[in-house]
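Breakdown of the fold
Listed below are the residues making up each chain.
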Amino acid sequence: MDVQFDESTIPKTVPVTKNWHMHPYPSISPTRPELSASGRNIVITGGGTGIGNAIAVGFAQAGAQSITILGRRLEKLEAGVNPIKNAIPAGKTTQIYHYAVDLVSREETEKVFQAIASQIPGGKIDVLVSNAGSLPIIAPAAKATDEQLLDSFTGQVVTAMHAIQAFIPLAGPDPIVLSTNTCIAHLPAIPGYALYAATRAAPARLTDYLQKENPGMRIISVHPGYISTEGNAYDSRATDSVPKKPIWLASPEAEFLKGKFVWSNWDVDELIEKADKIKNSPLMTFLLDGSDNNL
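If you look the chain up in an unreviewed UniProt entry, it shows as Short chain dehydrogenase reductase from Rhypophila decipiens. Per UniProt, the chain has the following entry under Sequence similarities (unreviewed entry): "Belongs to the short-chain dehydrogenases/reductases (SDR) family."

Right, let's talk about the confidence of the model for the chain for a bit. Across the chain, pLDDT averages 90, with 92% of residues at or above 70. Overall, residues 1–5 carries pLDDT values under 50, and its contacts beyond four positions in sequence, including any with other chains, amount to 15 contacts.

A few words now on the packing of helix α1 (residues 50–61) against helix α2 (residues 74–86). Put simply, α1 and α2 touch, their axes get as near as 8 Å, and they point 30 degrees apart. Considered as vectors, α1 and α2 are oriented roughly parallel to each other. By crossing handedness, the relation of α1 to α2 is classed as right-handed. Of the residues in α2, those touching α1 at N53, A56, V57 and A60 are G80, P83 and I84. By residue class, the composition of the contact of α1 with α2 is five nonpolar, two polar and no charged.

As a further point, take the sheet that holds strand β3 (residues 95–100). Pairing in this open sheet of seven strands is parallel, and the strands run β3-β2-β1-β4-β5-β6-β7 from one edge to the other. Both outer strands of the open sheet, β3 and β7 (261–263), are each paired with one neighbouring strand and no more. Put simply, the sheet's adjacent strands are angled 20 degrees from each other on average, direction ignored. Sheet analysis places strand β6 (residues 218–223) next to β7, joined by three bridges and oriented parallel. Residue pairing in the sheet places S221 in a bridge with F261 of β7. Strands β1 (41–45), β2 (66–71), β4 (125–130) and β5 (171–180) of the sheet are contacted by α1, whose axis makes an angle of about 170 degrees with β1. Contacts from helix α3 (residues 106–119) reach β1, β2, β3 and β4 within the one sheet, and its direction differs from that of β3 by about 160 degrees.

Under the definition given, this model contains three aromatic pairs. With a centroid separation of 5.7 Å and 65 degrees between ring planes, the pair formed by W20 and W263 is classed as edge-to-face. Separated by 243 residues along the polypeptide, W20 in the segment before β1 and W263 in strand β7 bring together distant segments of the chain. Relative accessible area serves as the criterion here: at 22%, W20 is assigned to the partly exposed category. The exposure class of W263 is buried, given its relative accessible area of 3%.

Right, let's talk about the pairing of β4 for a bit. Judged by how many residues are buried, β4 sits mostly within the fold: six of six residues are covered. Relative to β5, β4 runs parallel, the two sharing five bridges. Across the sheet, the residue bridging to I125 is A171, located in β5.

With that settled, consider α3. Compared with the 20 Å implied by 1.5 Å per residue over 14 residues, the 20 Å span of α3 between its first and last C-alpha is a close match. Turning to α3, its buried residues are T109, V112, F113, I116 and A117. All buried residues of α3 project into a common sector of 140 degrees when viewed along the axis, lining one side. Seen from the buried face of α3, the exposed residues on the opposite side, beyond 90 degrees, are E107, K111 and S118. On its buried face, α3 sits against β1, β2, β3, β4 and α4 (146–167).

Attention now goes to the pattern of salt bridges. The tally for this structure, following the rule as stated, stands at five salt bridges. K279 is the salt-bridge partner of E255, the closest N and O atoms lying 3.9 Å from each other. Of the two residues, E255 sits in the loop between α6 (245–249) and β7 while K279 sits in helix α8 (residues 275–279), which places them 24 residues apart along the sequence. Its relative accessible area of 33% is what places E255 among the partly exposed residues. Assessed through its relative accessible area of 48%, K279 is described here as partly exposed. When salt bridges with common partners are traced through the structure, they connect R32, E34 and E253 into a single cluster.

It is worth spelling out the side chain of S66 at this point. Relative to the helices and strands, S66 is located in strand β2. In this structure S66 comes out as buried when scored by relative accessible area, which is 0%. Apart from residues lying up to four places away in sequence, S66 is in contact with R40, N41, I42, T94, Q95, Y97, I120 and P121.

Procedures and definitions
- Residues numbered from 1 in each chain as written.
- Predicted model: local features only at pLDDT ≥ 70, side-chain atom pairs only at ≥ 80, totals over all residues.
- Heavy atoms only, no water.
- UniProt positions renumbered as here; feature names shortened; annotations may be inferred.
- pLDDT = per-residue confidence, 0-100.
- Contact = heavy atoms within 4.5 Å.
- Axes fitted to C-alpha atoms, helices over the stretch in contact; angles between N-to-C directions.
- Helix = DSSP H or I, 4+ residues; strand = E, 2+ residues; numbered from the N terminus.
- Parallel < 35°, antiparallel > 145°, perpendicular 65-115°, else oblique.
- Left-handed = near helix turned anticlockwise from the far one by under 90°.
- Nonpolar A, V, L, I, M, F, W, Y, C, P; charged D, E, K, R; others polar.
- Pairing = 2+ DSSP bridges.
- Phe/Tyr/Trp six-rings, centres within 6.5 Å; stacked < 30°, edge-to-face > 60°.
- Buried < 20%, exposed > 50% of the residue type's maximum accessible area, 1.4 Å probe, protein only.
- Expected span 1.5 Å × (residues − 1).
- Arc of directions from axis to C-beta.
- Salt bridge = Lys/Arg side-chain N within 4 Å of Asp/Glu carboxyl O.

In structure tokens:
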């Protein structure tokens, strides 16, 4: 089924911030001292290419103590190390590691995370960016095969859960999980995208529960914007820049967003102005609206 989906047509009137960003801006610059990742050990799944590699570059610019990128394809990981190294500020030292791993295997995932912990300074992982995922399967819901259903769920949900489960026992004292997701998880239905939407909504809902069950962690789902990647066949209509917001989300300034679903396009200064309202409300979470006798 050939489904043409143009994310650029999504309304920008999402009632969170008035300003809508498609490119990096000073408040989310990884070079801001307030966003420093100094002393932190970062692990990024799907870090060899695309969005994951761009996030790794951002953490290098922020002076992370170590950055480990994970992925299935060793050659992509090896190539992905260079831009990270090139982003390390002069006079700073960031240790870069890469491991090929199939996150579908719980055993293999746990072994790799234990190997990372044994190698990184301090032996604890401070930030996990759960970014790996399979390519979207486009099919009408009523005609989806069992194989398509299982492949979608395994590639989008099981892999993310294995990474987070392996991270938790090895996490540092102020652990953060940034879960890359997509706006399709909560947009009105788009024909043909049922499997992708369902298997992206699932990790967002699971992170709600992980946050509640692990209150000492900061877990944030993040929509990175409409970026030209392998996942959308490098769509020329995808005009957002690579994301820098995850570096801000891992900073003390974004602590109030724990448990939330955040779009990279939203203005962080406006979010900070609304911090108390956001923190103490169900805003930016997966909950049923209109259930408080207000229909």
